[in-house]
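Structural characterization, general
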Amino acid sequence: ATEQKRKVAKVVQSSGNRVIVTHGPGGRGPDRTYNYDRVFSPYAAQEHVFESLVSPVVDEVLRGFNCTVFAYGPTGTGKTHTMEGTSEDAGLAPRCAKALFARLEKQKTKAGEADFQIKASCLEIYNEELSDLFAIDDEPSQRTTSAAMALHTKPNPQKRPLRLV
């Protein structure tokens, strides 16, 4: 919004499934074009992005697959807004949790009493540091570790865990 008010030249534009990066007036080098499976405009609604991309991932989680929803990009490009949203317009993470529990409730109703186990992680990588955003803030030693560290979980032998990552 600030850039629009200042009438800053657009350097990134989308067209279909392509993103075109220009160098603006007097810029150096040729324009670059990148192709993606899907491209959303800056004005795409959170609900549209969720239904198009993440809702099918929730279905895969319920089939027993480990799945990840990953936001990547430079500072200020909307990753946090996309993942968290606002109190008025939920982002992908709260929509994912709501959809997961709604679908589990529906399965529970169909199957009678059912037992589900859900394991979820919310990780952030910033400056090559890995942070568990679900860790308790009182325990900083559990909150941050080296990004090179491998994360492992042991499945419960009595029940198949479902993991939403």
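All residue numbers here refer to positions counted from 1 along the written sequence of the relevant chain. A pLDDT threshold of at least 70 governs which residues receive local features in this predicted model, and a stricter bar of 80 or more applies before side-chain atom pairs are shown or counted, although totals over entire chains, interfaces and linings include all residues. For the side-chain quantities, the full set of heavy atoms in the structure was used; hydrogens and water were omitted.

1. Here's the deal with the overall build of the chain
Numbered from the N terminus, helices here are DSSP runs of H or I no shorter than four residues, and strands are runs of E no shorter than two. A count of helices and strands for the chain gives five helices and eight strands. Listing each helix as α and each strand as β along the chain from the N terminus yields α-β-β-β-α-α-α-β-β-β-α-β-β. Buried residues in the chain amount to 16% of all 165 residues. Residue pairs in contact within the chain that sit at least 24 positions apart in sequence constitute 37% of those at least 6 positions apart. All accessible-area figures derive from a Shrake-Rupley calculation using a 1.4 Å probe, and residue coverage is judged against the displayed protein chains alone. Just so you have it, the chain exposes about 12900 Å², and 52% of that area is on carbon and sulfur atoms. Exposure categories follow from relative accessible area, calculated using a 1.4 Å probe and restricted to protein chains: below 20% of the type maximum is buried, above 50% is exposed, and the middle band is partly exposed. Note on contacts: a residue pair qualifies if any of its non-hydrogen atoms lie within 4.5 Å across the two residues.

2. Observations regarding the pairing of strand E1 (residues 12-15)
The pairing criterion is simple: DSSP has to find at least two bridges between the two strands. Of the pairings in the sheet, the one linking E1 to strand E2 (residues 18-21) comprises four bridges and is antiparallel in character. For Ser14, the partnering residue across the bridge sits in E2 and is Val19.

3. Describing the packing of aromatic side chains
The geometry of two aromatic rings is summed up by the distance between their centres and the angle between their planes. In this scheme Phe, Tyr and Trp rings, the latter by its six-membered ring, pair at centre separations within 6.5 Å, and the angle between planes marks the pair as stacked below 30 degrees, edge-to-face above 60, and tilted otherwise. Evaluation of the coordinates by the stated rule reveals one aromatic pair. Geometrically, the ring pair formed by Phe70 and Tyr72 is stacked, given 6.3 Å between the ring centres and 10° between the ring planes.

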